[in-house]
Amino acid sequence: AQTVTQSQPEMSVQEAETVTLSCTYDTSESNYYLFWYKQPPSRQMILVIRQEAYKQQNATENRFSVNFQKAAKSFSLKISDSQLGDTAMYFCAASATGKLIFGQGTTLQVKP
Amino acid sequence: ETGVTQTPRHLVMGMTNKKSLKCEQHLGHNAMYWYKQSAKKPLELMFVYNFKEQTENNSVPSRFSPECPNSSHLFLHLHTLQPEDSALYLCASSQELPSGNTIYFGEGSWLTVV
């Protein structure tokens with residue numbers, strides 16, 4: 001069984017600053033994938049970034065990057081130069097067989 | 001356009017009604033999913049289909065009945081629902097199972113049971 005835990009229900013950050021969202025997971029699978037999804041007020045779930053567990057290099061997508069610590073089963077998301085449009089709920093998710101299992105989500109508020 | 005289209009976007013139904021949610025994906029994918037998102041709860045995986053075959057039923061009550069007539073369409077038939085079934089129902093698709101392919105979501109169907 002897989003579990004994903006996000007321990008920060010809410011966070012805020014000033015525009016242009018950097019924020020890190022935490023996520024831990026547990027799985028018995030040796031091969032798995034980790035994701036961060038963003039859900040803005042429109043409720044559309046949008047992929048932010050994807051990490052393959054067998055790759056040691058941390059994934060990066062523009063202002064978004066992850067800190068993947070496999071031994072600690074940690075997968076945090078760093079958002080640099082935060083923008084107002086980053087305001088959303090962020091979900092960490094894990095997939096070993098193609099089924100995404102989500103964490104509880106972190107609501108991020110970017111303040112002007 | 002998201003590639004995954006859900007209709008209706010909003011649905012209000014009585015507990016004795018029968019209704020259906022529809023999902024269509026235009027991405028050429030072979031796996032489709034139903035998720036339930038309730039307030040203050042993580043997204044819950046309900047059903048998974050891979051090449052039209054159901055591969056997962058996550059202990060969902062029988063008042064929810066999925067149907068996948070082909071790889072592009074997925075339905076969720078609803079009957080004799082309870083008020084606690086009110087939630088956002090998200091449809092999603094991916095290339096196929098098992099894999100770590102990205103899952104793409106629709107915009108959701110808001111269901112209110114009165």
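See the structure printed just above.
Conventions we followed
- Residues numbered from 1 in each chain as written.
- Chains lettered and ligands numbered in written order.
- Predicted model: local features only at pLDDT ≥ 70, side-chain atom pairs only at ≥ 80, totals over all residues.
- Heavy atoms only, no water.
- Helix = DSSP H or I, 4+ residues; strand = E, 2+ residues; numbered from the N terminus.
- Rg over C-alpha atoms; globule rule 2.2 N^0.38 Å.
- Contact = heavy atoms within 4.5 Å.
- Areas by Shrake-Rupley, 256 points an atom, 1.4 Å probe, with all protein chains shown as cover.
- Lys, Arg positive; Asp, Glu negative; His and termini not counted.
- Charge placed at Lys NZ, Arg CZ, Asp CG, Glu CD.
- Core = buried A, V, L, I, M, F, W, Y, C linked by side-chain atoms within 4.5 Å.
- Buried < 20%, exposed > 50% of the residue type's maximum accessible area, 1.4 Å probe, protein only.
- Pairing = 2+ DSSP bridges.
- Salt bridge = Lys/Arg side-chain N within 4 Å of Asp/Glu carboxyl O.
- Disulfide = S-S within 2.5 Å.

**Observations regarding the overall build of chain A**
Argument step 1. Of the regular secondary structure elements, chain A holds zero helices and 12 strands.
Argument step 2. Seen in sequence order, chain A has helices and strands lined up from the N terminus as β-β-β-β-β-β-β-β-β-β-β-β.
Argument step 3. Its C-alpha atoms give chain A a radius of gyration of 13 Å, within 12% of the compact-globule value 13 Å for 112 residues.
Argument step 4. Long-range contacts, defined here as pairs at least 24 residues apart, represent 54% of the contacts in chain A between residues at least 6 apart.
Argument step 5. Split by element, the accessible area of chain A, about 5,400 Å² in all, is 46% carbon and sulfur.
Argument step 6. Each charge class in chain A can be summarised by its mean position, and for the 10 positive and 9 negative side chains these summaries are 5 Å apart.

**Structural notes on the nonpolar core**
Argument step 1. Membership of the largest hydrophobic core comes to 26 residues, with the highest contact counts inside it found for Trp36, Phe75, Leu77 and Tyr90 of chain A.
Argument step 2. Going through the elements one at a time, strand 3 (19-21), strand 5 (33-39), strand 6 (46-52), strand 8 (64-69), strand 9 (74-79), strand 10 (88-95) and strand 12 (106-111) of chain A are the ones with two or more residues in this core.
Argument step 3. Take this core: its biggest share by element is four residues, from strand 10 of chain A.
Argument step 4. Excluding residues within four positions of it along the chain, leucine 77 of chain A makes contact with Val19, Thr20, Leu21, Trp36, Val48, Ile49, Phe64, Ser65, Val66 and Tyr90 of chain A.
Argument step 5. If you look at the next biggest cluster of nonpolar residues, it comprises 22 residues, including Val4, Phe64, Tyr89 and Leu111 of chain B.

**What about the pairing of strand 6 (residues 53-57) of chain B?**
Residue and element names in this part refer to chain B.
Argument step 1. As paired strands, strand 5 (residues 44-50) and strand 6 are joined by four bridges and run antiparallel to one another. Each bridged residue has a counterpart across the sheet, and for tyrosine 49 the counterpart in strand 6 is glutamine 54.
Argument step 2. Linking strand 5 to strand 6, which pair antiparallel, is a turn of two residues; within it phenylalanine 51 sits at a positive phi near 50°.

**Some remarks on the pattern of salt bridges**
Argument step 1. Inspection of the entire model under this criterion finds six salt bridges over all chains.
Argument step 2. Among the ionic pairs, lysine 55 of chain A bridges to glutamate 52 of chain A, the shortest N-O distance being 3.3 Å.
Argument step 3. Judged by its relative accessible area of 14%, glutamate 52 of chain A falls in the buried class.
Argument step 4. Here arginine 9 of chain B and glutamate 107 of chain B are joined by a salt bridge, their closest N and O atoms 3.5 Å apart. In this pair, arginine 9 of chain B is assigned in the loop between strand 1 (4-7) and strand 2 (10-13) and glutamate 107 of chain B in the loop between strand 10 (104-105) and strand 11 (109-113), connecting sequence segments 98 residues apart.
Argument step 5. The class of glutamate 107 of chain B is partly exposed, set by a relative accessible area of 31%.
Argument step 6. Each of Arg50, Glu52 and Lys55 of chain A takes part in one network of salt bridges that share partners.

**A word on the state of the cysteines**
Residues and elements named next belong to chain A.
Argument step 1. Applying the stated criterion across every chain, the model contains two disulfides over all chains.
Argument step 2. Cysteine 23 shares a disulfide with cysteine 92; S-S distance 2.0 Å. On the sign convention where negative is left-handed, the bridge of cysteine 23 and cysteine 92, at about -70° about the S-S bond, is left-handed. Of the two residues, cysteine 23 sits in the loop between strand 3 and strand 4 (24-26) while cysteine 92 sits in strand 10, which places them 69 residues apart along the sequence. Neither cysteine 23 nor cysteine 92 differs from the other in exposure class; each is buried.

**Brief notes about the side chain of lysine 36 of chain B**
Residues and elements named next belong to chain B.
Argument step 1. When you line up the elements, lysine 36 lands in strand 4 (residues 31-37).
Argument step 2. Among buried Asp, Glu, Lys and Arg side chains, lysine 36 stands out as unpaired, with aspartate 85 the closest opposite charge at 4.2 Å.
Argument step 3. Setting aside residues up to four positions removed in sequence, lysine 36 forms contacts with Pro42, Leu43, Glu44, Met46, Glu84, Asp85, Ala87, Leu88 and Tyr89.

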